[in-house]
Structure formats: structure tokens, C-alpha cells
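Letter by letter, the chains look like this.
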Amino acid sequence: MTESPTRSAADQPGADDRSASADKYGRQASTGFTLSGALRENEAHDHPSGPDLGGGGGGLPPRRRGFEPLFRFFTTGAGILVLVIIVAIAAFLITKAIPALSANKANFFTYEQWFPNDPSNPRFGIAALAYGTLLTAVIALILAVPVALGIALFLSHYAPRRIATGLGFVIDLLAAVPSVIFGLWGRDYLAGPIGDLSAWLHQYVGWLPLFGSGGPYGNSILLGSVVLAIMVLPITTALCRDVFVQTPTQNEEAALALGATRWEMIRTAVLPYGKPGVIAAVMLGLGRALGETIALAMTLGATFGVSVDIIHTGGNSIAANIANAFGEANETGRGALIASGLVLFAITLIVNVTARAIIYRRREFAGGTS
Amino acid sequence: MAKRVEAVDVTAYYGSFKAIDGITMTIEPKSVTAFIGPSGCGKSTFLRSINRMHEVIPGAKVQGKMMIDAEDIYDSHVDVTAVRRTIGMVFQRPNPFPTMSIYDNVVAGLRLNGVRKKSVLDDAAEKSLRGANIWDEVKDRLKRPGGGLSGGQQQRLCIARAIAVEPQVLLMDEPCSALDPISTLAIEDLIGQLKDRYTIIIVTHNMQQAARVSDRTAFFSIEKTGDPGRLIEFDDTTKIFQNPAEKKTEDYITGRFG
Ligand SMILES: Nc1ncnc2c1ncn2[C@@H]1O[C@H](COP(=O)(O)OP(=O)(O)O)[C@@H](O)[C@H]1O
Ligand SMILES: [Mg+2]
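Because the structure is predicted, anything quoted here is derived from the model rather than measured.

Novice: Report on the overall build of chain A, specifying residues and quantitative values.
Specialist: Counting secondary structure elements, chain A contains 13 helices and two strands. Put simply, chain A has 370 residues, and 34% of those count as buried. Summarising the internal contacts of chain A: among those between residues at least 6 apart in sequence, 72% fall at separations of at least 24.

What follows is the structure, encoded as C-alpha cells:
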């Protein structure tokens, strides 16, 4: 540690370094010279070159030009364009919805039926549709999220790497299946088993209002929710897995070194770390469930009315109703559907803002160690 | 309650790569032992094989015996989690649980053991934080996140967390390498105090630190990159630094190599 041959030998290159840096200073001085030369030249051409320099006529070197302003123009333009499109869409929807809403003879928010096409007496309300939209989405998430969390944890922390890769691939494939296929499958294949399940639920837990109906069981809220659950499963699973995989090793090892079992390690390190990500994944799933159109149009009963029962034939959602009713709608009918679309937009907006608020509140505790 | 650690022919692998080879040594209770040696010679690997943290890495395995007071922790009937509770660990980078408050960090190990009673947890938290010389700095903000502390405070918080479960051996892998000199001194003082109750093993890159804090020093080395690390010399710290038996040890501590 004290003076050693290696040390003193190392001093030699150090001396070389010093002479090299002296050389550098020399070069820097000449650079300084040309720079001041450029500045003087700049002063001489102050007025003519002013506009070209973007108005900065001070003592600074000329701004580099070329791609930069073009790029700035392009990005600013694109940003403004997006805003303009959003405002235009909103304006279009609102102007279309207002005449229908003022022609409406019923209360739009409380009325449960949908007769906007009656020329003399148009009546329509969002109550049943909004209820069905939220109910199917919530049931879908209640079914899907625990399964998604389980699969995601299995993939990230339990499965051998080979199995995890294979299973992850299958789940990604599931995400690529078009929703109309899920709709067809749900309607033609799943309706039977779900009907049997409905009968079973009614027989054994029929005292719960949810399962109060004695039938018929066909296209129902339950069927739509199960199909939705399967549809939101892949995206929720994939996002949760990505979040769990990113848990810093040092957090996991901190838990293991305290004597945690694997599950305890997941509870103390992985889940708390992944919480904001899981919330985001669930909200994304919720967004997908709320907006899902064709699969629900094919698996819900397309009836109107607010009912606690989820197994009886029936149910409807805003998006499914738009898909089902748009074809036969007249002017007022289309306006009514557009008004319902605005409500759906508002719901998804609230969901997103809430999700962000939740994630933001947790931020202080979510930061990594320094 | 401090225990003796006895490694018998311990060899550890990462997949097929042999990282350390045939290490045999006995570490006495209530002493501070420093592991020194050039980077990559397997100090961390050996340290992590003492509390079975090595096998956490996929493909990693350990051969040989690691006796803690005459019980081999690699015996098939031994519960890994119990081993890790008995042998606490402090890592190179301070790693408090970022989502937990200071208080929750300290009592995390106790909660894992099923302790729920608030009075017990409160007492343990205060005792451990005092033991880690950080109580006065954090007693007014126990509910604040542990990530908000300075690096040195975080490391002492991690030591508090490790000693809260009352381990018998405390392993520290370069606990000061991410810290400033003042925090380093604070941790070194702490090690001096903890030695009364625990068997402490500390990996360090800093030879002055080894000389300052340890009673015994083990020097590890490798022949060349790709070779497994071996124990070259293990003796009283004063002997290692003043009169080492091995030429390699002397070369290393005089700065001729490594
Ligand atoms: N996770 C790992 N996977 C594969 N090889 C590793 C891993 N960690 C360490 N090694 C290798 O094992 C050897 C010993 O490493 P380590 O115990 O970290 O040395 P030290 O702590 O003395 O610097 C080195 O060659 C290193 O590259
Ligand atoms: Mg190391």
C-alpha cells in the first residue's frame, strides 16, 4: 500500500500525460482564436445575417441549422393536428347528439328503454346500457384479474424458463384473436356450458339475487362477462408478467435473506413493487372491456332494463347497442346512439383519470433505492 | 447466541462454471472476519454460500459442508428459510424495500416470522434501530419511506432490518462500497459494537477497512480469469498484514497485484 515499484513506474506515464495536456492547451488556444474571429465576423454582418440566425443578433456563434427547424415544425404540427382531430370529433358528436337529446321525451339518464326511432314520440335513456356496460366489465375483471395475476406470477417466478416462454407465447397468441371470433365462440359454444352453470348456480346459490332467475338461460350478462374475461386475460396477464419480471433482484434477495419463502418473497417484494403496474394493467383491461363491441353484441341478450340478475337471458351494453341498432336508426336514432357513445367516452375517461390518480398517489413509495 | 461457522471443502458453481473450489475454514463466534482478495475471486460467492443465498441464482449450486455449530446447513432435511433467518445478510447496495416505511422495513423479517403484536414489533424496531446507530436520525419519521434516506442511512436501516430477527451470524458483502467516508466510519463503528453479540463476516475491497474492523482476515485469489477462486491464507488480521505466510498474500496487500 505504501510506495511500491509499481507505483513509481506508474508515475512515468503520468508525466507523459502532463506534457500531452500541455499540447492540448496549445490547441485549445488556437480554437479560441478562430472562435473569437468568428464572433468578430458575426458582428460585422450583424444586420444582414440577423434573420438567418433566428433573430439572435448577440455575440453567440451562429445557430446550427438544417434538419432541426424542420423537425420542430413537423412535431409541433403533428401535435396540433391530433388536438384538432380530437376537438373536431367531439364537436361532431355533440352537434349530432344535441338535436336527438332535445327531441327525447324521456329522461336520458334514468329511462331504461330505447325507442329513439319513433318519429312522433322518441324516448330513450342510457340507464340500462350504462349499467350493462359497467356490470359486464366489472364481472369480467373480477373473473379475469385473479387468474391473470396467478398466471403472471407463475410465468415470472415459478415456471422453469422453457415453460414460461412457451406459455407466454400462447397467451400473446390469445391476445391476437379478433374479438368477433370470441363472439362467435361464446355464442355458439360457450352459451351451453354457461347455461348449465347458470342452472347450477340458481339451484345452489339462488338465494343470491345475482342468480335469482329460473331461466331461460342463453345470451346473458354472465355469458358476456365470461367471454370478456377471456378477452382481457391476455393483455392483463402479459402486462403483469412484465411488471413482475422487472422487480429488482436486490429487493427479492432482501426478502429471501430474511428467511422468506418464495410466496412470502412475492408478497414482500414483488407485489408491492408491481402494484402501480398491476393497477395500470387492470385499468387497461377495464378499458378494453368497457369498449368491447362485437363480442358483447353477439353474446348479450340485447334487452333493455336494469336487473340484478346476471344469468337470465338479456343484458346489453353501450357499444353492443350501437353495433346492433345503428343499421336501422333514423336521424334521431343515430343522434341517440351518438349520445350514448359520449357517455361511454366519459366513463372510460373517468376510469383512466382514477387509475392515474391511484398510481400517482403511490409514487412516493414506489421510487427505487438511490 | 453467536455461532461458529465451519466450511468444509465448499465448492460453488454457476451452471458449469466453478467459481470457488474446495474452501475449508473455521470462523469463531463473536469475531469479525474480513474476506479480501481481487475482484472475481469468489468472495461474494463464498459469502452467499454461507446462508444458502447462492442457490437463489438459477443454475447455481454448492457442494461440500457448511457447519453452523455442528449442523450442516446443506443437509437435505434443513429448512432453507430457517438457515437464512439464523444467518443475516447485508448487501453491497443498500436495499430497503422501496414501498415500505422505515418501520415496516425494520420489522419485515419479524412479520415474516408471524409476529403480529404491535408492542413486540415496536420494541424490536426501536432496539434494532438503536443497535444500528440510526434511531436518533429516524425516530421522528418511522412512517416515511426508507428510500428517502441517504445511502449510509439506508445501509444502517438494512443492518437494523437484518439484526431485528436476532440472527446468530451476520454476513456483509462490501457494505460500505456505495457509501461516503463518514457513513463508512459510522458502519465500521457499528461493526465494532455488533461483534459483542454476533459472528460477523465482512467482504471488503478496502484493506485499511479490513485492518480496522476485523480480528481475522481471509485472503482469496484466482490464478487467472476463468479459474475458480481459492482460499490462500486465513489468519489473524495483524499477521496477515504484517507478516503473511504466503507470497501471494504479501503481493496483494502491498499492492503489487490485484
Ligand atoms: N450470477 C452469476 N452468474 C455467473 N457467474 C457469476 C455470477 N456471479 C459471479 N459470477 C462469477 O463468479 C466468479 C466469482 O464472483 P464473485 O463471487 O462475485 O467475486 P468477488 O465477490 O470476489 O468479486 C467471477 O468469475 C464471476 O464472474
Ligand atoms: Mg463481490
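Novice: Which residues make up the UniProt feature "domain: ABC transporter" (unreviewed entry) in chain B, and what values do they have?
Specialist: Residues annotated by UniProt as "domain: ABC transporter" (unreviewed entry) correspond here to residues 5–247 of chain B. A helix fraction of 35% and a strand fraction of 26% characterise residues 5–247 of chain B, whose end C-alpha atoms lie 27 Å from each other.

Novice: If you had to explain the site of ligand 1 to someone new, which residues and values would you point to?
Specialist: Residue and element names in this part refer to chain B. Taken together, 13 residues sit near ligand 1, with Tyr14, Ala19, Lys43, Ser44 and Thr45 positioned nearest. Breaking the shell around ligand 1 down by element, the ones donating at least two residues are strand 2 (17–27) and helix 1 (43–50). Considering every element that reaches the shell around ligand 1, the biggest residue donor is helix 1, with three residues. Here the residues of the shell around ligand 1 sort into five nonpolar, seven polar and one charged.

Novice: Quick one: what's the story with the UniProt feature "transmembrane region" (unreviewed entry) in chain A, residue by residue and with numbers?
Specialist: Residues given the UniProt feature "transmembrane region" (unreviewed entry) here are residues 70–94, 124–155, 167–185, 217–240 and 335–355 of chain A. Helix makes up 84% of residues 167–185 of chain A and strand makes up 0%, while its end C-alpha atoms are separated by 22 Å.

Novice: Give me the lowdown on the UniProt feature "domain: ABC transmembrane type-1" (unreviewed entry) in chain A, citing residues and values where you can.
Specialist: Under the UniProt annotation, the feature "domain: ABC transmembrane type-1" (unreviewed entry) is placed at residues 130–355 of chain A. Counting secondary structure, residues 130–355 of chain A comes out at 77% helix and 0% strand; the distance between its end C-alpha atoms is 20 Å.

Novice: Describe in detail the confidence of the model for chain A, supporting the description with residues and values.
Specialist: Looking at chain A, the pLDDT average stands at 82 and 81% of residues meet or exceed 70. Segment residues 1–56 of chain A is flagged for pLDDT under 50; beyond a separation of four residues in sequence, or across chains, it makes 20 contacts in the model.

Novice: Hey, could you go over the packing of helix 4 (residues 127–158) of chain A against helix 7 (residues 221–245) of chain A for me, with residue numbers and the actual values?
Specialist: Residues and elements named next belong to chain A. With their axes 6 Å apart at the nearest point, helix 4 and helix 7 run at an angle of 35 degrees to one another. Seen from above, helix 4 lies across helix 7 with right-handed handedness. For the contact of helix 4 with helix 7, the residue count by class is 24 nonpolar, eight polar and one charged.

Novice: I'd love a proper account of the sheet that holds strand 3 (residues 32–36) of chain B, names of residues and values included.
Specialist: All names here are of chain B. The mixed open sheet is built from six strands, whose spatial order is 6-7-8-3-9-10. Of all the strands in the sheet, the pair left with one neighbour each is strand 6 (87–90) and strand 10 (230–236). Averaged over all pairs of adjacent strands, the angle between strand axes in this sheet comes to 15 degrees, irrespective of strand direction. As paired strands, strand 7 (residues 169–173) and strand 8 (residues 199–203) are joined by five bridges and run parallel to one another. If you follow leucine 170 over to strand 8, its bridge partner there is isoleucine 200. Seen against the sheet, helix 1 touches strand 3, strand 6, strand 7, strand 8 and strand 9 (216–221) and runs at an angle of roughly 155 degrees to strand 8.

Novice: Can you lay out the environment of aspartate 136 of chain B for me, pointing to particular residues and giving the numbers?
Specialist: All names here are of chain B. Tracing the sequence through the fold places aspartate 136 in helix 5 (residues 135–138). By the C-beta count within 10 Å, which is 9 here, aspartate 136 ends up exposed. Along the sequence, aspartate 136 and glutamate 126 sit 10 residues apart, while their C-alpha atoms lie 9.9 Å from each other.

Novice: A description of helix 12 (residues 331–361) of chain A should follow, citing residues and the corresponding values.
Specialist: Residues and elements named next belong to chain A. Spanning 31 residues, helix 12 covers 45 Å between terminal C-alpha atoms, matching the ideal 45 Å at 1.5 Å per step. Among the residues of helix 12, Thr332, Gly333, Gly335, Ala336, Leu337, Ile338, Ala339, Ser340 and Leu344 are the ones counted as buried. Considering only its buried residues, helix 12 is in contact with helix 3 (67–103), strand 2 (123–124), helix 4, helix 9 (262–291) and helix 11 (318–325).

Novice: Hey, could you go over helix 9 of chain A for me, with residue numbers and the actual values?
Specialist: Its 30 residues place the ends of helix 9 of chain A only 38 Å apart at the C-alpha level, less than the 44 Å of an ideal helix rising 1.5 Å per residue. Along helix 9 of chain A, the sharpest change in direction is near 55 degrees and occurs at lysine 275 of chain A; proline proline 276 of chain A comes one to four residues later.

Novice: Any details on the pairing of strand 7 of chain B? Residues and values, ideally.
Specialist: Counting buried positions along strand 7 of chain B yields five of five residues, so the element is predominantly enclosed. Considered for its hand, the β-α-β crossover made up of strand 7 of chain B, helix 7 (residues 181–194) of chain B and strand 8 of chain B is right-handed.

Novice: Any details on the environment of lysine 239 of chain B? Residues and values, ideally.
Specialist: All names here are of chain B. Secondary-structure assignment places lysine 239 in helix 9 (residues 237–242). Lysine 239 sits in the partly exposed class, given 14 other C-beta atoms within 10 Å. Sequence separation between lysine 239 and arginine 216 is 23 residues; the distance between their C-alpha atoms is 8.8 Å.

Novice: Hey, could you go over the nonpolar core for me, with residue numbers and the actual values?
Specialist: Residue and element names in this part refer to chain A. Grouped together as the largest cluster of nonpolar side chains are 155 residues, with contacts concentrated most on Leu228 and Val232. Broken down by element, the residue count for this core peaks at 17 residues, all from helix 7. Those residues within four positions of valine 232 in sequence are excluded, and the remaining contacts are Ala140, Leu141, Ala144, Gly285, Arg288 and Ala289.

Analysis parameters
All residue numbers refer to positions counted from 1 along the written sequence of the respective chain. Labels follow written order: the first chain is A, the first ligand is 1, and so on. The predicted nature of this model means local features are confined to residues of pLDDT at least 70 and side-chain atom pairs, given and counted, to a pLDDT of 80 or more, with totals for whole chains, interfaces and linings taken over all residues. Here a strand is any run of E in DSSP of at least two residues, a helix any run of H or I of at least four, and the numbering for each starts at the N terminus. With C-beta atoms placed from the backbone, a residue counts as buried when 20 or more other C-beta atoms lie within 10 Å of its own, as exposed when 12 or fewer do, and as partly exposed for counts between those limits. By the convention adopted here, residues are in contact when the distance between their C-beta atoms, placed from the backbone, does not exceed 7 Å. UniProt positions are given in the numbering used here, feature names are shortened, and annotations may be inferred rather than shown by experiment. Should the C-beta atom of a residue, placed from the backbone, lie within 6 Å of a molecule or strand, that residue is near it. Under the convention adopted here, Pro, Cys and the residues Ala, Val, Leu, Ile, Met, Phe, Trp and Tyr are nonpolar, Asp, Glu, Lys and Arg are charged, and Gly plus all remaining residues are polar. The pLDDT value expresses, per residue, how confident the predictor is, ranging between 0 and 100. Interaxial angle, 0 to 180 degrees, is taken between N-to-C directions of lines fitted to C-alpha atoms, where a helix line uses only the stretch in contact. The hand of a helix crossing depends on one turn: near helix anticlockwise from the far one by less than a right angle means left-handed, and clockwise means right-handed. Two strands form a pair only when DSSP identifies at least two bridges running between them. To estimate the expected span of a helix, subtract one from its residue number and multiply by 1.5 Å. Each residue is assigned a bend, namely the angle between axes fitted to the seven residues that terminate at it and the seven residues that start at it. Clockwise travel from the first strand over the helix to the second, with the strands pointing away from the viewer, marks a crossover as right-handed. When buried Ala, Val, Leu, Ile, Met, Phe, Trp, Tyr and Cys residues are joined through C-beta atoms within 7 Å, the set is termed a nonpolar core.

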